[in-house]
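Structural overview
This is what each chain is made of:
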Amino acid sequence: MSGKMLSDLAPFPVRADLDEAWRRAWEHLARPGTWWTGAQRLAMVAACREAPECALCRDRAAALSPFAVDGTHDSTSALPDNVVEAIHRIRTDSGRLTEAWFRETIAGGLSEPEYVEIVGVVSIATALDTLARGLGIARPALPEPVPGGPSRYLPAKARRGLAWLPTLEPEDVGEGEPNPYGDKTGELVANIHRGMSLVPAEVAAFFELDDAIYLPQFALKDFATEYRAIGHAQMELLAARVSLINRCRY
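Every value quoted in this text rests on a predicted model; they were computed, and no experiment measured them. (Residues numbered from 1 in each chain as written. Predicted model: local features only at pLDDT ≥ 70, side-chain atom pairs only at ≥ 80, totals over all residues. Heavy atoms only, no water.)

1. Describing the side chain of aspartate 129
Structurally, the position occupied by aspartate 129 is in helix H7 (residues 112–135). Under the relative-accessibility criterion, aspartate 129 is labelled buried at 13%. Non-local contacts of aspartate 129, meaning those with residues more than four positions away in its chain, are made with Trp26, Arg49, Arg139 and Pro140. (Helix = DSSP H or I, 4+ residues; strand = E, 2+ residues; numbered from the N terminus. Buried < 20%, exposed > 50% of the residue type's maximum accessible area, 1.4 Å probe, protein only. Contact = heavy atoms within 4.5 Å.)

What follows is the structure in structure tokens.
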């Protein structure tokens, strides 16, 4: 664990489901993943935290095109340079990632599932640190990594067509295989769920946290019931504004 529960850190009461989601997300980051060890995953979290202060990332964000600016990332990480590049770009300028950049990243030595797991780790770490900032508390220290090796599980029926890399359709999840979608079926499985499905554990972990921070999928269109302290319309206004600021194209 990264230390205390969220309820121990926040200056006001925290919902039990959010408290539990916080705990489980940190435990997930510290454990060996599908393609990276626990130590490597926590090193990715540390690199993700450094990215907003990176001079190269700031210069690229200010440029008309990030590809017009060369340089070296400010990083204390022992991770390979291509991994640091992926982490910093995903964290600071995801709205301008291109397929050409992705192909170059893969050609530089990262496998597609390794890249997907990086996206998952960065997404979860960013959500956790943003939650801490929103609550007015300090980012927690990183937990100790859990020893062990990655599982290297690859979905048997993942296929190309939807995205830049293979994805797994709900109907192609085999019996006994890890299911990235849980109990979500049909229209509840959006493309945003399919995006990381080459590494099912990262889909499941991200949306478990998302359900607590935002809304569970079943509640999104249940406009007759308000599940949070603010209503659907208020949440969507905030989400739209933040998405615009972050240049989210989804």
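Having seen the model, we can carry on.
2. What to know about unusual backbone geometry
Even without being glycine, arginine 152 reaches a positive phi, approximately 60°. Considering the arrangement of structural elements, one finds arginine 152 in the loop between H7 and helix H8 (191–194).

3. Observations concerning the nonpolar core
Within the largest apolar cluster, 50 residues are counted, with the highest numbers of intra-cluster contacts made by Ile87 and Ile118. Among the elements that line this core, the one with the most residues is H7, at 12 residues. Those residues in contact with isoleucine 118 that sit more than four places away from it in its chain are Trp36, Met44, Val83, Ile87, Ile90 and Leu110. Ranked by size, the runner-up nonpolar core spans 5 residues in total, among them Cys54, Cys57, Ala63 and Val69. (Core = buried A, V, L, I, M, F, W, Y, C linked by side-chain atoms within 4.5 Å.)

4. Section: the environment of leucine 209
Mapped onto the secondary structure, leucine 209 falls in helix H9 (residues 200–213). On the basis of relative accessibility, which here comes to 3%, the residue leucine 209 falls in the buried class. As a C-alpha pair, leucine 209 and valine 189 span 20 residues in sequence and 16 Å in three-dimensional space. With sequence-adjacent residues up to four places away left out, leucine 209 is seen in contact with Ala21, Ala25, Ile124, Ala127 and Leu128.

5. What to know about the packing of helix H2 (residues 16–30) against helix H3 (residues 38–50)
Packing of H2 against H3 brings their axes to within 7 Å, and their N-to-C directions diverge by 115°. One finds that H2 runs roughly perpendicular with respect to H3. Here H2 contributes Trp26, His28, Leu29 and Ala30 to the contact with H3, which in turn contributes Gly38, Arg41, Leu42, Val45 and Arg49. For the contact of H2 with H3, the residue count by class is 5 nonpolar, 2 polar and 2 charged. (Axes fitted to C-alpha atoms, helices over the stretch in contact; angles between N-to-C directions. Parallel < 35°, antiparallel > 145°, perpendicular 65-115°, else oblique. Nonpolar A, V, L, I, M, F, W, Y, C, P; charged D, E, K, R; others polar.)

6. Some thoughts on the state of the cysteines
A full pass over the atoms with the stated rule returns 0 disulfides. There is no disulfide at cysteine 57, and the cysteine sulfur nearest it, in cysteine 54, is 3.7 Å away. (Disulfide = S-S within 2.5 Å.)

7. Here's the deal with the environment of alanine 156
By secondary structure assignment, the location of alanine 156 is in the loop between H7 and H8. As for alanine 156 and glutamate 208, which are separated by 52 residues in sequence, their C-alpha atoms are 24 Å apart.

8. What to know about the packing of aromatic side chains
Enumeration according to the criterion identifies 6 aromatic pairs in this entry. Here the aromatic rings of tryptophan 22 and tryptophan 26 are separated by 6.1 Å at their centres, their planes lie at 70°, and the arrangement is edge-to-face. A residue pair is termed a helical-turn pair when its members lie 3 or 4 positions apart in one helix, as tryptophan 22 and tryptophan 26 do in helix H2 at 4 residues. By relative accessible area, tryptophan 22 is classed as buried at 1%. Residue class for tryptophan 26 comes out buried when judged on its relative accessible area of 0%. Here phenylalanine 102 and tryptophan 164 contribute two aromatic rings whose centre-to-centre distance is 5.7 Å and whose plane-to-plane angle is 35°, an arrangement assigned as tilted. Here the residue phenylalanine 102 occupies a position in helix H6 (residues 99–107), and tryptophan 164 occupies one in the loop between H7 and H8, the gap between them amounting to 62 residues. Note on tryptophan 164: relative accessible area 31%, which makes it partly exposed. (Phe/Tyr/Trp six-rings, centres within 6.5 Å; stacked < 30°, edge-to-face > 60°.)

9. Overview of the confidence of the model for the protein chain
When pLDDT is averaged along the protein chain, the result is 92, and 98% of the positions lie at 70 or above. Least confident of the elements in the protein chain is H8, whose mean pLDDT is 88; most confident is H3, at 98. (pLDDT = per-residue confidence, 0-100.)

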